[in-house]
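Coordinate inspection notes
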Amino acid sequence: MTPLRDELMAQLWPVSRRYLASYVLFNQAVADHLGMHPTDVQCLNLLTLEDGPVTTGRIAELTGLTSGSATRLVDRLEKAGLVARQRDEADRRRVLVAVLPDALERFGAVWRELGRDWAAVFAEDSADELAFLLRHMNRTVELSHRQIARLADSGR
């Protein structure tokens, strides 16, 4: 490693910890604003990124929760009127979880409002810088999934 790279890596560790903490605290603030649990907010967020209704097993995959915890999470979301369980038309034995239109609109309105400020953060970045950020974010999402699985496996 070069001295500059070493120095940058030394700076990256505390900055990345602050970055992660700020996102966790931001997520808590969004959850408080919506009157929800932070995990429920992120589950709803992930559900809105799916192509349609999903199984509770898929929710467990998306969140890293156990199947029992994912079921309880869906119970909370359903009780709050945010999702509905429905039979899969292709396989009536399967139950799918769908985000309700009112919840989608309410949730979307919050993200649209907050999104304006997020867009401003990237306004001056070049296409190359945005491509770098996209690669970085995709790699950190993949790493997070691996770390979640690793932590879950070590707890068993």
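Above this text sits the structure in question.
These notes cover the structure that comes with them. Given the structure is predicted, the values throughout are model-derived calculations rather than measurements.

1. Structural notes on the environment of valine 99
Within the element layout of this structure, valine 99 appears in strand E2 (residues 95-99). In this structure the C-alpha to C-alpha distance between valine 99 and threonine 48, which are 51 residues apart in sequence, comes to 7.3 Å.

2. Side note on a nonpolar patch on the surface
A cluster of nonpolar side chains, Met1, Met9 and Leu12, forms an exposed patch at the surface whose accessible area comes to about 340 Å². Mapping leucine 12 onto the fold places it in helix H1 (residues 3-34).

3. What about the packing of H1 against helix H2 (residues 38-49)?
Axis separation between H1 and H2 bottoms out at 8 Å; the angle between their running directions is 90°. Looking at the two axes, H1 sits roughly perpendicular to H2. Facing Tyr23, Asn27, Gln28, Val30, Ala31 and Leu34 of H1, the residues of H2 in contact are Pro38, Val41 and Gln42. Its residues placed into classes, the contact of H1 with H2 shows 6 nonpolar, 3 polar and no charged.

4. Topic: the pattern of salt bridges
Throughout the structure, instances matching the rule amount to 9 salt bridges. Measuring nitrogen to oxygen at the nearest pair gives 3.1 Å for the salt bridge that ties arginine 58 to glutamate 61. One end of the pair, arginine 58, and the other, glutamate 61, are both in helix H3 (residues 56-63), 3 residues apart, so they sit about a helical turn from each other. One salt bridge in this structure joins aspartate 88 and arginine 94, with 2.9 Å as the shortest N-O distance. A relative accessible area of 11% means that aspartate 88 is categorised as buried. Each of Glu50, Arg58 and Glu61 takes part in one network of salt bridges that share partners.

5. Observations regarding the packing of aromatic side chains
Applying the stated criterion to the full structure yields 4 aromatic pairs. Aromatic pair tyrosine 23 and phenylalanine 26: ring centres 5.7 Å apart, planes at 50°, arrangement tilted. With tyrosine 23 and phenylalanine 26 both in helix H1 and 3 residues apart, the pair spans about one turn of that helix. Residue classification places tyrosine 23 among the partly exposed residues on the basis of a relative accessible area of 33%. On the basis of relative accessibility, which here comes to 21%, the residue phenylalanine 26 falls in the partly exposed class. Residues phenylalanine 26 and tryptophan 118 carry aromatic rings whose centres are separated by 5.9 Å and whose planes lie at 75° to one another, so their mutual orientation is edge-to-face. Here tryptophan 118 lies in helix H5 (residues 101-121) and phenylalanine 26 lies in helix H1, a separation of 92 residues in the sequence. Feature note: the residues Tyr23, Phe26, Phe107, Trp111 and Trp118 constitute an aromatic cluster, connected by ring pairs.

6. Section: the environment of glutamate 89
Of note, glutamate 89 is situated in the loop between strand E1 (83-87) and E2. Side chain to side chain, glutamate 89 and arginine 92 meet in a polar contact 3.5 Å long.

What counts and how
- Residues numbered from 1 in each chain as written.
- Predicted model: local features only at pLDDT ≥ 70, side-chain atom pairs only at ≥ 80, totals over all residues.
- Heavy atoms only, no water.
- Helix = DSSP H or I, 4+ residues; strand = E, 2+ residues; numbered from the N terminus.
- Patch = residues over 30% accessible without salt bridge, like charges linked within 9 Å, V, L, I, M, F, W, Y side chains within 5 Å.
- Areas by Shrake-Rupley, 256 points an atom, 1.4 Å probe, with all protein chains shown as cover.
- Salt bridge = Lys/Arg side-chain N within 4 Å of Asp/Glu carboxyl O.
- Axes fitted to C-alpha atoms, helices over the stretch in contact; angles between N-to-C directions.
- Parallel < 35°, antiparallel > 145°, perpendicular 65-115°, else oblique.
- Contact = heavy atoms within 4.5 Å.
- Nonpolar A, V, L, I, M, F, W, Y, C, P; charged D, E, K, R; others polar.
- Buried < 20%, exposed > 50% of the residue type's maximum accessible area, 1.4 Å probe, protein only.
- Phe/Tyr/Trp six-rings, centres within 6.5 Å; stacked < 30°, edge-to-face > 60°.
- Polar contact = N/O pair within 3.5 Å; in protein donor to acceptor, adjacent residues only side chain to side chain.

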